[in-house]
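Report on the structure
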Amino acid sequence: MKKKLFKKISIILLCLLCLNTVIPMASERNEWENEYPQDIYTACLEEGMNVDAKSAILIEPVSGTVLYEKNPDEKFAPASVTKIMTMLLAMEAIDSGKISLDDKITCSENAKSMGGSTMLLDTGEVRTVEEILKGIAIASGNAMAEFLSGSTDEFVKLMNERAQELGMTNTTFKNCNGLPVEGHLTTARDISIMSLELLKHPTILKYSGTYMETISEGRKSPIELVNHNKLVRFFDGCDGLKTGFTQEAKYCISATAVRDGVRMLAVIMGAPTYKIRNRDASMLMNYGFSKYQGKKLFNKDDDVETVYLGKSEDRYYVAKAKDDLSIVFLKGSEGEPQNKIILNEPKDSYTEGEIVGKCEVYLDGQKVGEVELYCDRDVEKGGFIDNLKYNMKNLFKK
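Note that the structure is a prediction, hence the values are computed from the model and not measured.

With that settled, the discussion passes to the nonpolar core. Note that soluble globular proteins tend to have their nonpolar side chains buried in a common cluster. Counting residues in hydrophobic clusters, the biggest one holds 48 residues, and the most contacted among them are M85 and M144. Mapped onto this core, the elements with two or more residues apiece are β1 (55-60), α3 (83-95), α5 (129-139), α6 (144-149), α7 (152-165), α8 (188-198), α9 (204-208) and β9 (262-271). Sorting elements by how many residues they give to this core places α3 first, with 9 residues. In this view, M144 contacts T86, A90, I105, V129, I132, L133 and I136; residues no more than four positions away in its chain are not counted. If you look at the next biggest cluster of nonpolar residues, it comprises 29 residues, including F235, A266, I276 and V328.

In structure tokens form, the structure reads like this:
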């Protein structure tokens, strides 16, 4: 009798214990489902992803497709990730010819005393634009702002103007170094916007993708720069872009990597530790690489289209690809890429190297890439005599 009673009590206790375990798990699952859209929640479960940072976004840069997001429009302090805008403004000035990589920058007392991560330059020390860019990308230097705008206050105005032009509607810059100040806020989505714009200037990746650099010319003791972005060393294909940390912002990063012609961009904000920041960014980019593949269509200077001027086949030019063109598309996509040639308004003459249009590439009805086309020669449209010869030639053919 006692054995039967003991058995019943044991069964009841076991059931209660199971309920106590299952109910909290179900509660946590419901909280997750309520916090995130169902499709993202399902994708995360399927891939085993769980981003611990406060905010994150994953983007395929060619198409701009958002593959993952968590609180992408919630405002947070960005710390030194702020300096992506500094790098963008510097690269735009370089590529437009306003400044050059060989221009000299003198480190002011203000830049040296600004605080935060620096290159450890001496007051009055002269360095090239390229060296300062390395300092920003690798070790988070501060000297570029005054060189570009005359003062840090003017540079912050320029930062905010460019942010508005790019559509970064949830961003307000209060300084150029990312140190904590009330109102200096942005979002993961806005960081991705300026990061994508910076990726249009691929020279920056030469610096942001460098793990260690030494600046020694003209110095008694060399400056050893070590990249704060450890993914550059430990994550296959990582070549940028910028990390950040303050007690307010916690650990942030705008990370990008390329594998087999496919690039991914992941932004992480508010991770509790640098290990979690790096893990979250790595996990997201790996997820992107598992979904997309790349294919190279044109090399720089490849022939794309022969364009005839008028009726005569003797007057023509070859439209060539200005740059390499690779497309990125979902694995398993059906169909072949289709080229669409769009030429500028026709003219009577063209010069070698002149941009004459572009080639757009479509896959399954969606635009997946484009490249500018240039003329390969000097050529003029035939005049009256050429047209007369052409008409006579074709008349006798008939």
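Having seen the model, we can carry on.
Reading across from one edge, β2-β1-β9-β8-β7 is the order of the 5 strands in this open sheet, with antiparallel pairing throughout. Bordering the open sheet on either side are β2 (65-70) and β7 (238-246), each of which pairs with just one other strand. With direction set aside, neighbouring strand axes in the sheet form an average angle of 5°. In this structure, β1 lies alongside β9, joined through 5 bridges in antiparallel fashion.

The contact between α3 and α7 brings their axes to 10 Å, and the two run at 85°. If you check the angle between α3 and α7, you find them roughly perpendicular. Between α3, through M85, T86, L88, L89 and E92, and α7, the contact on the second element is made entirely by F155, L158, M159, R162 and A163. Class assignment of the residues belonging to the contact of α3 with α7 gives a composition of 7 nonpolar, 1 polar and 2 charged.

So, about the environment of N339. Mapped onto the secondary structure, N339 falls in strand β14 (residues 338-343). Along the chain, N339 and G369 lie 30 residues apart, while their C-alpha atoms are 9.6 Å from each other. The contacts of N339, once residues within four sequence positions are left out, are F298, C359, E360 and V361.

Taken as a whole, the largest pocket spans an internal volume of roughly 1,000 Å³. Lining the largest pocket are 31 residues, and of these P61, V62, L199, K200 and S326 sit closest to its centre. Counting residues per element, the ones that place at least two in the lining of the largest pocket are β1, α8, β9, β13 (325-330) and β17 (366-375). Considered class by class, the residues forming the lining of the largest pocket number 16 nonpolar, 5 polar and 10 charged.

It is worth spelling out the sheet that holds strand β12 (residues 316-321) at this point. Here we have 5 strands laid out as an open sheet, ordered β11-β12-β17-β16-β14, and antiparallel in their pairing. Across the chains shown, the open sheet's two edge strands, defined by having one partner strand only, are β11 (303-308) and β14. Taken over all neighbouring pairs, the strand axes of this sheet differ in orientation by 30° on average, direction set aside.

Moving on, we come to the pattern of salt bridges. Enumeration according to the criterion identifies 26 salt bridges in this entry. One salt bridge in this structure joins K134 and E213, with 3.0 Å as the shortest N-O distance. Here K134, found in helix α5, pairs with E213, found in strand β5 (residues 212-215); they are 79 residues apart in sequence, far enough to count as distant. The partner of R259 in a salt bridge is D236, and the shortest N-O contact between them spans 3.7 Å. With R259 in strand β8 (residues 250-259) and D236 in the loop between α10 (231-234) and β7, this residue pair connects regions lying 23 residues apart in the sequence. With a relative accessible area of 55%, D236 lands in the exposed category. Taken together, the salt bridges that share partners define one network made up of E92, R162, E165, E197 and K200.

Attention now goes to α3. Between its first and last C-alpha atoms α3 spans 18 Å; for 13 residues at 1.5 Å apiece the expected length is 18 Å, and the two agree. Among the 13 residues that make up α3, 12 are buried, leaving the element largely enclosed by the rest of the structure. Turning to α3, its buried residues number three or more, namely K83, I84, M85, T86, M87, L88, L89, A90, M91, E92, A93 and I94. One or two residues past the end of α3 sits G97, with phi positive at roughly 90°.

What counts and what doesn't
- Here the residue index of a chain counts from 1 through its sequence in written order.
- For a predicted model such as this one, the threshold for reporting local features is a pLDDT of at least 70, and the threshold for listing and counting side-chain atom pairs is 80 or more; totals across whole chains, interfaces and linings nevertheless cover every residue.
- Hydrogens are left out, water is left out, and the side-chain values use all remaining heavy atoms of the structure.
- We define the nonpolar core as a collection of buried residues of types Ala, Val, Leu, Ile, Met, Phe, Trp, Tyr and Cys that are connected through side-chain atoms lying within 4.5 Å of one another.
- Accessibility here uses a 1.4 Å probe with only protein chains present; expressed as a share of the type maximum, an area under 20% marks a residue as buried, one over 50% as exposed, and anything in between as partly exposed.
- Under the scheme used here, helices are H or I runs from DSSP no shorter than 4 residues and strands are E runs no shorter than 2 residues, and both carry numbers assigned from the N terminus.
- Whether two residues are in contact is decided by their heavy atoms: any pair within 4.5 Å suffices.
- Criterion used throughout: strands pair if DSSP finds at least two bridges between them.
- Orientation is described by lines fitted to C-alpha atoms, with helices fitted over the stretch in contact, and by angles between N-to-C directions that extend from 0 to 180 degrees.
- Any angle that falls under 35 degrees is termed roughly parallel, while one over 145 is termed roughly antiparallel, one within 65 to 115 roughly perpendicular, and all others oblique.
- For this classification, Asp, Glu, Lys and Arg are treated as charged, while Ala, Val, Leu, Ile, Met, Phe, Trp, Tyr, Cys and Pro are nonpolar and the rest, including Gly, are polar.
- Points on a 1 Å grid, built from protein atoms alone, make a cavity when a 1.4 Å probe fits but cannot get out and make a pocket when they are open with protein on both sides within 12 Å along at least 5 of 7 lines; residues with an atom within 4 Å of a point are the lining residues.
- Grid points are joined across faces, edges and corners, and a volume is the space filled by probe spheres set on the points.
- Salt bridges are counted wherever a side-chain nitrogen of Lys or Arg sits within 4 Å of a carboxyl oxygen of Asp or Glu.
- For a helix, the expected span equals 1.5 Å multiplied by the number of residues minus one.

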